[in-house]
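Fold and contact review
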Amino acid sequence: MKESNPDIDLLIGSFIDGTISREDFLTLKAWTWESDDHAAYVRRCLQTLVAARTASGESSFDTEAAIARFHARVGRERTGSGIKRVWLRRVDRKSGSAGM
């Protein structure tokens, strides 16, 4: 799993704040879809930043809606059921059961 990337972290923060430029957004988009690890990293960062801001009393934020907007904007929509199927296949492989 990819460790923290300060440049990407700044872009993620700008995305959350709604201040990201088109050029920076394209950079974030390209990096995000380089690998599943990058996509997972961005998702975790988005969730963590939103949770921290909510806990500190900043306005509430719909994480799932933000992630859906992000996926729609980068042109790679993932459905919850698709993610669940992939996750279940991976769990089945680890446990030695037949995949779905």
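Residues numbered from 1 in each chain as written. Predicted model: local features only at pLDDT ≥ 70, side-chain atom pairs only at ≥ 80, totals over all residues. Heavy atoms only, no water.

**Some words on the pattern of salt bridges**
Here the structure, examined in full by the defined rule, presents one salt bridge. For Arg43, the salt bridge goes to Glu64, with nearest N and O atoms at 3.2 Å. Note that Arg43 is positioned in helix α3 (residues 36–55) and Glu64 in helix α4 (residues 63–74), a separation of 21 residues in sequence. Relative accessible area serves as the criterion here: at 47%, Glu64 is assigned to the partly exposed category. (Salt bridge = Lys/Arg side-chain N within 4 Å of Asp/Glu carboxyl O. Helix = DSSP H or I, 4+ residues; strand = E, 2+ residues; numbered from the N terminus. Buried < 20%, exposed > 50% of the residue type's maximum accessible area, 1.4 Å probe, protein only.)

**Quick word on the packing of aromatic side chains**
Under the definition given, this model contains four aromatic pairs. Ring centres of Phe25 and Phe70 lie 6.1 Å apart, and the angle between their planes is 80 degrees; on these two criteria the pair is classed as edge-to-face. A residue pair is termed long-range when its members are at least 10 positions apart, and Phe25 in helix α2 (residues 22–32) and Phe70 in helix α4 qualify at 45 residues. A relative accessible area of 2% means that Phe70 is categorised as buried. When the centroid spacing of 5.8 Å and the interplanar angle of 75 degrees are considered together, the rings of Trp31 and Tyr41 count as edge-to-face. Residue Trp31 is located in helix α2, and its partner Tyr41 is located in helix α3; the two are separated by ten residues in the primary sequence. Look at Tyr41 and you get buried, because its relative accessible area is 7%. In textbook terms, an aromatic cluster arises when at least three aromatic residues are bridged by ring pairs, as seen for Phe15, Phe25 and Phe70. (Phe/Tyr/Trp six-rings, centres within 6.5 Å; stacked < 30°, edge-to-face > 60°.)

**Considering the nonpolar core**
Nonpolar side chains tend toward joint burial in soluble globular proteins. By size, the foremost hydrophobic cluster in this structure holds 19 residues, and its most contacted members are Ile8, Ile12, Phe15, Leu28, Val42, Leu46 and Phe70. Mapped onto this core, the elements with two or more residues apiece are α1 (6–17), α2, α3 and α4. Apart from the residues within four sequence positions on either side, Leu28 is in contact with Ile8, Leu11, Ile12, Phe15, Ile20, Val42 and Phe70. (Core = buried A, V, L, I, M, F, W, Y, C linked by side-chain atoms within 4.5 Å. Contact = heavy atoms within 4.5 Å.)

**Digging into the confidence of the model for the protein chain**
Model confidence for the protein chain is summarised by a mean pLDDT of 75, while 66% of its residues fall at 70 or above. For the protein chain, the element scoring lowest by mean pLDDT is helix α5 (residues 80–95), at 51; α2 scores highest, at 93. (pLDDT = per-residue confidence, 0-100.)

**Concerning the packing of α2 against α4**
Where α2 meets α4, the closest approach of the two axes is 11 Å, and the angle between their N-to-C directions is 90 degrees. Regarding the angle of α2 to α4, the classification is roughly perpendicular. Taking contact as the criterion, the partners of Phe25, Leu28, Lys29 and Thr32 in α2 are, on α4, Phe70, Arg73 and Val74. (Axes fitted to C-alpha atoms, helices over the stretch in contact; angles between N-to-C directions. Parallel < 35°, antiparallel > 145°, perpendicular 65-115°, else oblique.)

**Comments concerning α3**
The terminal C-alpha atoms of α3, which comprises 20 residues, lie 28 Å apart, in line with the 28 Å expected from a rise of 1.5 Å per residue. Listing the buried residues of α3 in full gives His38, Ala39, Tyr41, Val42, Cys45, Leu46 and Val50. The arc enclosing the buried residues of α3, seen along the axis, measures out at 160 degrees, which places them on a common side. Away from the buried face of α3 by more than 90 degrees, exposed residues Thr48 and Ala55 are located. Buried-residue contacts for α3 involve α1, α2 and α4. Phi for Gly57, located one or two positions after α3, is positive at around 95 degrees. (Expected span 1.5 Å × (residues − 1). Arc of directions from axis to C-beta.)

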